[in-house]
Amino acid sequence: MLKNNSAKYLFCCALLSALMTVCDAQAFRLPSRFEQWLNSQGMRHATVAVEIVDLDNDSLVFAYDEQRSVQPASLLKLVTTGAALRLLGADYVMPGMVCGPDSTMVPLPELVGYNPDWLIEDVASSYAEPLVCVPDTGIPLREYIKRTNEKSLNIHAEALPYLLTPECTLAAGLDTIRTFWQQMGLDTETLVMYDGCGLAPADRVTAHLMTQLLHVMKDDADFRQSFAVAGLTGTVSYFLKASYLCGRAQLKTGTTKSVTAYAGYVTGTNNHLYSIVFIVNNSTAPLTLQRKNIEKMFNYLIP
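This is a predicted model, so every value here is computed, not measured. (Residues numbered from 1 in each chain as written. Predicted model: local features only at pLDDT ≥ 70, side-chain atom pairs only at ≥ 80, totals over all residues. Heavy atoms only, no water.)

J.: It is not clear to me how helix α6 (residues 141–151) should be interpreted in this structure. Could you clarify?
T.: The α-helix winds at 3.6 residues per turn, so residues separated by three or four positions along the chain end up facing the same way. Turning to α6, its buried residues are L141, Y144, I145, T148, N149 and E150. If you follow the buried residues of α6, they end up packed against α3 (76–88), α7 (154–159), β5 (228–229) and β6 (249–255). Positive phi appears at S152, one or two residues downstream of α6, with a value of about 55°. (Buried < 20%, exposed > 50% of the residue type's maximum accessible area, 1.4 Å probe, protein only. Helix = DSSP H or I, 4+ residues; strand = E, 2+ residues; numbered from the N terminus. Contact = heavy atoms within 4.5 Å.)

This is the structure:
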């Protein structure tokens with residue numbers, strides 16, 4: 001009798017486990033078009049990390065591999081500029097000179113040089129300017145950051161860490177940025193920074209960390225206004241141009257030879273505000289096709 005009851009118990013446990021597995025698979029089944037895109041040519045071996053959150057009610061809309069550590073490219077500028085805005089203040093006036101470690105005045109351009117962690121092919125390509133000087137001194141930080149994010153200016157972002165600590169060094173500035181975001185509640189274990197602009201191939205974030213950052217900064221008007229507007233301005237002037245999301249999405253792009261990424265805020269058709277983080281690493285599809293398909297995913301996944 002005991003053996004029979006034991007057998008029935010084990011059978012019920014096995015059945016319950018199987019049912020739970022089926023339910024889990026059904027609950028987490030990917031949207032069909034998204035799954036088809038992941039399995040398309042050029043995407044089968046890529047890494048994709050996505051997270052979309054309704055900021056009006058703090059509810060998750062969609063996530064895929066959001067805890068995966070990925071290269072952010074210029075999305076890292078949001079980490080740098082967001083911290084600078086909060087630590088220095090939007091009215092801070094950009095200096096032409098900073099105080100060096102020996103308390104002598106050192107021209108800022110001399111402190112900002114090529115980062116040894118950058119790939120030379122990335123630095124030499126069209127989305128990076130030669131690091132010769134730091135432009136736009138004497139303007140408020142809010143305007144400086146708007147130019148930095150809207151046009152994805154690497155030299156602008158790279159200058160900011162030097163201004164955040166008395167040491168006036170990149171390492172000290174990056175430590176200050178990480179500490180700030182940790183204090184703001186972000187999971188900084190997933191934040192790896194070798195520069196302020198995102199060119200270093202060893203930089204890493206997760207889609208979830210970027211989502212946390214967007215949530216913290218959602219009510220900061222100066223930060224929000226620094227993003228390019230889809231279909232209208234900056235690096236997304238042609239992105240989503242033929243979509244209902246044209247003019248409704250404030251986005252920062254990230255692009256290198258191995259990264260195609262977008263992050264920012266979108267107003268849906270229900271007038272809810274959404275944060276979206278969409279990062280693709282190592283796709284072998286042409287860049288124009290990647291962008292076209294990501295546009296389709298924006299339209300498909302955002303309510």
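J.: What is the right way to read the nonpolar core from this model?
T.: The tendency in soluble globular proteins is for nonpolar side chains to be buried as a group. Core analysis: the biggest nonpolar cluster contains 47 residues, and V79, W181 and F223 have the highest contact counts within it. At the level of secondary structure, the elements contributing two or more residues to this core comprise β1 (47–54), α3, α6, α8 (170–183), α9 (207–216), β7 (259–267) and β8 (273–281). With six residues, the single largest contributor to this core is α3. Once residues lying within four places of it in the same chain are set aside, the contact partners of F223 are L78, T81, G82, L85, L213, L214, M217 and Y265. Formed by 28 residues, the second largest nonpolar core is a distinct cluster that contains V48, F239, L240 and L301. (Core = buried A, V, L, I, M, F, W, Y, C linked by side-chain atoms within 4.5 Å.)

J.: How should the packing of α3 against α9 be read in this particular structure?
T.: When two helices pack together, their arrangement is given by the angle between their axes and by how far apart the axes lie. Here α3 crosses α9 at 30°, and the two axes come no closer than 11 Å. As the angle between them shows, α3 and α9 are arranged roughly parallel. α9 is crossed by α3, and the crossing has left-handed handedness. Between α3 and α9, the residues in contact are L78, V79 and R86 and M210, L213 and V216, respectively. Broken down by class, the residue content of the contact of α3 with α9 amounts to five nonpolar, no polar and one charged. (Axes fitted to C-alpha atoms, helices over the stretch in contact; angles between N-to-C directions. Parallel < 35°, antiparallel > 145°, perpendicular 65-115°, else oblique. Left-handed = near helix turned anticlockwise from the far one by under 90°. Nonpolar A, V, L, I, M, F, W, Y, C, P; charged D, E, K, R; others polar.)

J.: Please clarify how the side chain of S74 should be interpreted in this entry.
T.: Along the chain, the position of S74 falls in the loop between β2 (59–64) and α3. We classify S74 as buried; its relative accessible area is 10%. A polar side-chain atom of S74 sits 3.2 Å from a polar atom in the side chain of S152. With residues near it in sequence (within four places) discarded, S74 still touches S152, N154, C197, G198, K252, T253, G254 and T255. (Polar contact = N/O pair within 3.5 Å; in protein donor to acceptor, adjacent residues only side chain to side chain.)

J.: I keep staring at the environment of T188 and nothing clicks. Help me out?
T.: The residue T188 is located in the loop between α8 and α9 in this model. A relative accessible area of 16% places T188 in the buried class. Along the primary structure T188 and L209 are separated by 21 residues, whereas in three dimensions their C-alpha atoms are 7.6 Å apart. The residues touching T188, leaving out its near neighbours within four places in the chain, are R178, W181, Q182 and L209.

J.: Mind showing me how you'd approach the pairing of β6 here?
T.: Two faces belong to every sheet, and in a regular strand the side chains alternate between them. With seven of seven residues buried, β6 is to be regarded as a mostly interior element. Residue alternation in β6 divides its side chains into two sets, A249, L251, T253 and T255 and Q250, K252 and G254, and both sets are buried. As defined by bridge partners, β5 adjoins β6 across two bridges and the pair is classed as antiparallel. Note on β6: the bridge partner recorded for A228 is L251. Here β6 folds back onto β7, and the loop between the two strands holds three residues. (Pairing = 2+ DSSP bridges.)

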